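The primary structure of each chain is shown beneath.
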Amino acid sequence: MTLPEWVPDGIEITVPNAARAYDYALGGFHNFAVDREFVNRLEKLMPGIVEGGHATRAFVGRSVRWLVAQGIRQFLDIGSGIPTLGNVHEVAQAAAPESRVVYVDIDPIAVAHSKAMLADNPLAEVIRADLRDPGDILNHEDVLRLLDFSQPVAVLLNAVLHFVPRSADLPSKLDQIRDALVKGSYLTITHVTKLEDRSAELDNVAQMYEDTPTPATYRDRDEVRELVGDMEIVEPGIVDVTAWHPDSADDDEWPYVLAVVARK
């Protein structure tokens, strides 16, 4: 099989990949048949899951605009994924051109495409790293070159933490990240959760992710609260992702993803 030129060497294309599946769900083109089939099966299993992906992405835009309005000009987007429309640097720099953004992802396709997209943008960079090793991120030369941790930084952890198992001791990893931030910094999180009304469907979704390199872990509201540590949760609190400063009161609910923004 001849692969497209954008595919880095050594990429496994016979197993679905969460980043590529999300790219397809958002209307992107950097995915393979196995990823598209995976998403289509998910949508049949739990109708609305693609719409939920769009709702999660819309939160990113709303929260970044809100953070810029609070004076934030530095963004560390961990688990940034494959670039699609409405990337953090596009949103932030449209509102404040001096904004600086560093993307972090473990997926080589996400990193390769981000590098290509950012080639002519001196205020944005991407690195390949694993959020389970926060020190590698916080001490990376490109992160330190672009971001000044003596000033407030917004750390974005959107649609990524549910791919970290409980065995990885996620709260302690996030402690390291929060400890690196000065007062006035922010943390944003979106995380899948489990509700009783569709418990069986959600169990089946999780079972499907067992066949990918990144199985999914549901966390409830209390567990998401634990992830922000002693940071102050800003209004409206830990809510359905569509209920966080919605653009319209008519936005459909998607209560299977929680969103929170917290301030140090």
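Everything below is about the structure shown above.
Residues numbered from 1 in each chain as written. Predicted model: local features only at pLDDT ≥ 70, side-chain atom pairs only at ≥ 80, totals over all residues. Heavy atoms only, no water.

## Side note on the overall build of the protein
On a plain count of helices and strands, the protein comes out with 10 helices and eight strands. Against the globule reference of 18 Å for 264 residues, the protein gives a C-alpha radius of gyration of 17 Å, in line with a compact fold. Restricting the contact set of the protein to residue pairs at least 6 apart, pairs at least 24 apart contribute 71%. Taken as a whole, the protein presents about 12100 Å² of accessible surface, with 50% of it coming from carbon and sulfur. Put simply, the protein has 24 plus and 43 minus side-chain charges, and the middle of one group is 3 Å from the middle of the other. (Helix = DSSP H or I, 4+ residues; strand = E, 2+ residues; numbered from the N terminus. Rg over C-alpha atoms; globule rule 2.2 N^0.38 Å. Contact = heavy atoms within 4.5 Å. Areas by Shrake-Rupley, 256 points an atom, 1.4 Å probe, with all protein chains shown as cover. Lys, Arg positive; Asp, Glu negative; His and termini not counted. Charge placed at Lys NZ, Arg CZ, Asp CG, Glu CD.)

## Details of empty space enclosed by the protein
A full pass over the atoms with the stated rule returns one cavity of 30 Å³ or more. By volume, the largest cavity amounts to about 60 Å³. Looking at the largest cavity, the residues that line it are Arg-57, Asp-77, Ser-80, Gly-81, Ile-82, Pro-83, Asn-87, Val-88, Tyr-103, Ser-114 and Met-117. (1 Å grid on protein atoms, 1.4 Å probe; cavity = no way out; pocket = protein on both sides within 12 Å on 5 of 7 lines; lining within 4 Å. Points joined across faces, edges and corners; volume = space filled by probe spheres on them.)

## Quick look at a negative patch on the surface
On the surface, Glu-51, Asp-251, Asp-252 and Glu-253 cluster together into a patch of negative charge. For Asp-251, the location among the structural elements is in the loop between β7 (239–240) and β8 (257–263). (Patch = residues over 30% accessible without salt bridge, like charges linked within 9 Å, V, L, I, M, F, W, Y side chains within 5 Å. Salt bridge = Lys/Arg side-chain N within 4 Å of Asp/Glu carboxyl O.)

## Examining the nonpolar core
Taken as a class, soluble globular proteins show a tendency for nonpolar side chains to be buried jointly. Of all hydrophobic cores here, the largest spans 46 residues; its most connected members are Val-64, Leu-67, Phe-75, Val-88, Tyr-186 and Trp-244. Looking at which element gives the most residues to this core, the answer is helix α3 (residues 49–69), with seven residues. If we ignore the near neighbours within four places in the chain, the residues touching Phe-75 are Val-64, Leu-67, Val-68, Val-88, Ala-92, Ser-99, Arg-100, Val-101, Val-102, Leu-147, Ala-154 and Leu-156. One finds Val-143, Leu-161, Leu-187 and Leu-258 within the second-largest nonpolar core, a separate group that totals 34 residues. (Core = buried A, V, L, I, M, F, W, Y, C linked by side-chain atoms within 4.5 Å. Buried < 20%, exposed > 50% of the residue type's maximum accessible area, 1.4 Å probe, protein only.)

## Overview of unusual backbone geometry
What is expected of a backbone is that most residues other than glycine have negative phi and most peptide bonds are trans. Cis peptide bonds are those with omega within 30 degrees of zero, and the linkage from Glu-235 to Pro-236 qualifies with 10°. Within the element layout of this structure, Pro-236 appears in the loop between β6 (232–233) and β7. Although it is not a glycine, Ala-159 adopts a positive phi angle of roughly 55°. Among the secondary structure elements, Ala-159 is positioned in the loop between β4 (154–158) and α8 (170–179). We note that His-245 has phi near 45°; this positive angle belongs to a residue other than glycine. Relative to the helices and strands, His-245 resides in the loop between β7 and β8. Given the relative accessible area of 34%, His-245 is considered partly exposed.

## Details of the packing of helix α2 (residues 33–45) against helix α9 (residues 199–209)
Following both chains from N to C, one finds α2 and α9 inclined at 165°, their axes separated by 10 Å at the closest point. Here α2 lies roughly antiparallel to α9, going by the angle between them. Once α2 is placed against α9, the crossing between them reads as right-handed. On α9, the residues touching Phe-38, Arg-41, Leu-42 and Leu-45 of α2 are Glu-201, Asn-204, Val-205, Met-208 and Tyr-209. (Axes fitted to C-alpha atoms, helices over the stretch in contact; angles between N-to-C directions. Parallel < 35°, antiparallel > 145°, perpendicular 65-115°, else oblique. Left-handed = near helix turned anticlockwise from the far one by under 90°.)

## Observations concerning the layout of surface pockets
What the second largest pocket holds in volume is close to 170 Å³. For the lining of the second largest pocket, the per-class residue count stands at four nonpolar, five polar and two charged. (Nonpolar A, V, L, I, M, F, W, Y, C, P; charged D, E, K, R; others polar.)

## Quick word on the pairing of strand β1 (residues 74–78)
Counting buried residues along β1, five of its five residues qualify, which places the element largely inside the surrounding structure. Residue alternation in β1 divides its side chains into two sets, Gln-74, Leu-76 and Ile-78 and Phe-75 and Asp-77, and both sets are buried. As paired strands, β1 and strand β2 (residues 100–105) are joined by five bridges and run parallel to one another. Across the sheet, the residue bridging to Ile-78 is Val-104, located in β2. Where the polypeptide runs from β1 across helix α4 (residues 88–95) and back to β2, its parallel neighbour, the crossover connection is right-handed. As defined by bridge partners, β1 adjoins β4 across three bridges and the pair is classed as parallel. The residue bridging Phe-75 from the neighbouring strand is Ala-154, located in β4. (Pairing = 2+ DSSP bridges. Right-handed = clockwise from strand over helix to strand, strands pointing away.)

## A closer look at α2
The terminal C-alpha atoms of α2, which comprises 13 residues, lie 18 Å apart, in line with the 18 Å expected from a rise of 1.5 Å per residue. If you check which residues of α2 are buried, you get Val-34, Asp-35, Phe-38, Val-39 and Leu-42. Looking straight down α2, one finds that the buried residues subtend no more than 135° of arc, so they occupy a single side. Summarising the geometry of α2, the exposed residues directed more than 90 degrees from the buried face are Ala-33 and Lys-44. (Expected span 1.5 Å × (residues − 1). Arc of directions from axis to C-beta.)

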